[in-house]
Amino acid sequence: MRKPTRRQRFLQMMDKVMPWQELISLVEPFYPKGDGPGRPVTPLIWMLKLYFLQIWYKLSDPQTEELMHDSHAVQEFLGLDLGKDAPPDETTILRFRHLIEKHQLGPKLLDVMNRHLARHGVDIRGGTIVDATVIHAPTSTKNEAKSRDPEMGSTKKGEQWSFGAKVHVGVDSETKVIHSVSVTPANVHDSQALPQLLHGGETRVYGDKAYVGQKEVIRERAPRARDYTERRGSRGCPLSEREKEKNRWKSRIRSRVEHVFGVMKHIFGWRKVRFRGIYKNLQHAFAVAASVNIYLHRHVLLRRMGAIASG
């Protein structure tokens, strides 16, 4: 018997931990019913799996269609038999993504995933870490529009300039579950997205020095929260040793968000924007965040779902 490939192992694992039935229930009201003459409608479960497959392997629509024909692991993941089934083409895959965007289902996908995690003991608690990362966009004007994406922006970190979008996240400080997402041009300051990143039930908010001076915003959005953002010294008023030690303690907690960005950028490869415009990338960001949450807690889900099944 042949040893499963790395792709087979990954897809088998994700197939087990994803809440497919809940996702079907979410999308089904908006999905074509296939009543009357014409081509039969592609099974919704296939389209959902292909949608997430594109995120996990950073695939274009043509690449996804090609992979369905070439990869036994993908066919097994879909439950696709090329001898009798008609796999969807790249246009069908594109239309499904447009359906997700049109009905603003991105935030609801994240909510479904987080409720699935909560049922298995991985829930959102009292602390939130806020942070942002830049997703690069093409700077070339050698395209059909003869211009760079007007909705993107430029930002400078150190001596390095970057052009693209900024993905802002609110992450639970204990479980590292992403609960809030915002996408802006890269030139928007991190603190401007803060109100969208708090769920309101926080008792603690952690952030780096970009969030200094946001006490009123935190109090308005999360009245019970204490501000644990890092402090910043100024000319003539440096931080005391005690304040520096507090910053180091806060930084140890805040650094947990880097694990989230690591999965987003290095496991799922989302370092460059997938689409033009902020809105499409925002809907994509919610789905990426949902995938990151499931991936980070896959072992917990496998263990607890297995215990439920055996019980």
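Our subject is the structure that appears above.
Overview of the overall build of the protein chain
Next, step 1: A count of helices and strands for the protein chain gives 13 helices and six strands.
Next, step 2: For the protein chain, the C-alpha atoms occupy an extent of roughly 75 × 60 × 40 Å along the three principal directions.
Next, step 3: When the 311 residues of the protein chain are sorted by exposure, 50% land in the buried category.
Next, step 4: When contacts within the protein chain are restricted to residue pairs at least 6 apart in sequence, those whose partners lie at least 24 apart make up 66%.
Next, step 5: Approximately 16500 Å² of the protein chain is accessible, and the part contributed by carbon and sulfur atoms is 51%.
Next, step 6: Separation of charge centres in the protein chain, based on 52 positive and 34 negative side chains, amounts to 5 Å.

Some points on unusual backbone geometry
Next, step 1: The phi angle at K58 is positive, at roughly 45°, despite the residue not being glycine.
Next, step 2: Following the sequence through the fold, K58 ends up in the loop between helix 3 (44-57) and helix 4 (61-70).
Next, step 3: In this structure, K176 is a non-glycine residue whose phi angle is positive, near 65°.
Next, step 4: Mapping K176 onto the fold places it in the loop between strand 3 (160-172) and strand 4 (178-185).
Next, step 5: K176 sits in the partly exposed class, given a relative accessible area of 22%.

Thoughts on the pairing of strand 2 (residues 153-157)
Next, step 1: One ladder, built from five bridges, connects strand 2 with strand 3; its direction is antiparallel. Among the inter-strand pairings, K156 is bridged to a residue of strand 3, identified as W161.
Next, step 2: Taking the residues between adjacent antiparallel strands as the criterion, strand 2 and strand 3 are bridged by two residues, where G158 takes a positive phi near 65°.

Examining the pairing of strand 3
Next, step 1: Taken across its 13 residues, strand 3 has eleven buried, putting it largely inside the fold.
Next, step 2: Sheet topology note: the strand 1 (residues 127-136)/strand 3 ladder contains nine bridges and is antiparallel. Within the sheet, the bridge partner assigned to I135 lies in strand 3 and is A165.
Next, step 3: Looking at chain direction, strand 3 and strand 4 are connected through seven bridges and run antiparallel. Looking across to strand 4, one finds that V171 is bridged to I178.
Next, step 4: The hairpin turn running from strand 3 into strand 4, its antiparallel successor, is five residues long, and K176 in that turn takes a positive phi close to 65°.

Considering helix 2 (residues 20-27)
Next, step 1: What helix 2 keeps buried is the set W20, L23, I24, L26 and V27. Relative to the axis of helix 2, the buried residues are bounded by an arc of 160° and lie together on one face.
Next, step 2: Among the structural elements, helix 1 (6-17), helix 3, helix 5 (72-78), helix 6 (90-102) and helix 7 (106-119) are those in contact with the buried residues of helix 2.

Describing the nonpolar core
Next, step 1: Residues L23, V27, F52, W56, F96, I178 and V292 are the most contacted members of the largest nonpolar core, which totals 78 residues.
Next, step 2: Top element by residues in this core is helix 12 (residues 278-296). It accounts for eleven residues.
Next, step 3: Setting aside residues no more than four positions away along its own chain, V292 makes contact with I178, V260, V263, M264 and F268.
Next, step 4: Listed in part, the ten residues of the second largest apolar core include V130, L194, A210 and A222.

Examining the environment of L82
Next, step 1: By the element assignment, L82 lies in the loop between helix 5 and helix 6.
Next, step 2: For the pair L82 and H69, spaced 13 residues apart in sequence, the C-alpha separation works out to 7.7 Å.
Next, step 3: Residues within four places of L82 in sequence aside, it is in contact with M68, H69, Q75 and P87.

Considering the packing of aromatic side chains
Next, step 1: Considering all chains together, one arrives at 14 aromatic pairs under this definition.
Next, step 2: The structure contains a cluster of three or more aromatic residues connected by ring pairs, namely F10, W20, Y31, Y51, F52, W56, Y57, F77, F96, F268 and Y295.
Next, step 3: Its guanidinium or amino end placed over the ring of Y57, R7 lies 5.4 Å from that ring's centre, counting from NZ or CZ.

Let's talk about the pattern of salt bridges
As a working rule, side chains carrying opposite charge can pair if their charged atoms are close by.
Next, step 1: Under the criterion given, the structure shown has 16 salt bridges.
Next, step 2: For D131, the salt bridge is made with R254, and the minimal N-O distance between the two is 3.5 Å. Taken together, the residues D131 in strand 1 and R254 in helix 10 (residues 241-254) connect sequence positions 123 residues apart. An identical accessibility class is assigned to D131 and R254; each is buried.
Next, step 3: We note a salt bridge from R219 to E216, for which the minimum N-O separation is 2.5 Å. Within this pair, R219 and its partner E216 are both found in helix 9 (residues 215-221), separated by three residues, close to a single helical turn.
Next, step 4: Residue classification places E216 among the exposed residues on the basis of a relative accessible area of 54%.

Thresholds, definitions, all that
Residues numbered from 1 in each chain as written. Predicted model: local features only at pLDDT ≥ 70, side-chain atom pairs only at ≥ 80, totals over all residues. Heavy atoms only, no water. Helix = DSSP H or I, 4+ residues; strand = E, 2+ residues; numbered from the N terminus. Buried < 20%, exposed > 50% of the residue type's maximum accessible area, 1.4 Å probe, protein only. Contact = heavy atoms within 4.5 Å. Areas by Shrake-Rupley, 256 points an atom, 1.4 Å probe, with all protein chains shown as cover. Lys, Arg positive; Asp, Glu negative; His and termini not counted. Charge placed at Lys NZ, Arg CZ, Asp CG, Glu CD. Pairing = 2+ DSSP bridges. Arc of directions from axis to C-beta. Core = buried A, V, L, I, M, F, W, Y, C linked by side-chain atoms within 4.5 Å. Phe/Tyr/Trp six-rings, centres within 6.5 Å; stacked < 30°, edge-to-face > 60°. Lys NZ or Arg CZ within 6 Å of the ring centre and 35° of its normal. Salt bridge = Lys/Arg side-chain N within 4 Å of Asp/Glu carboxyl O.

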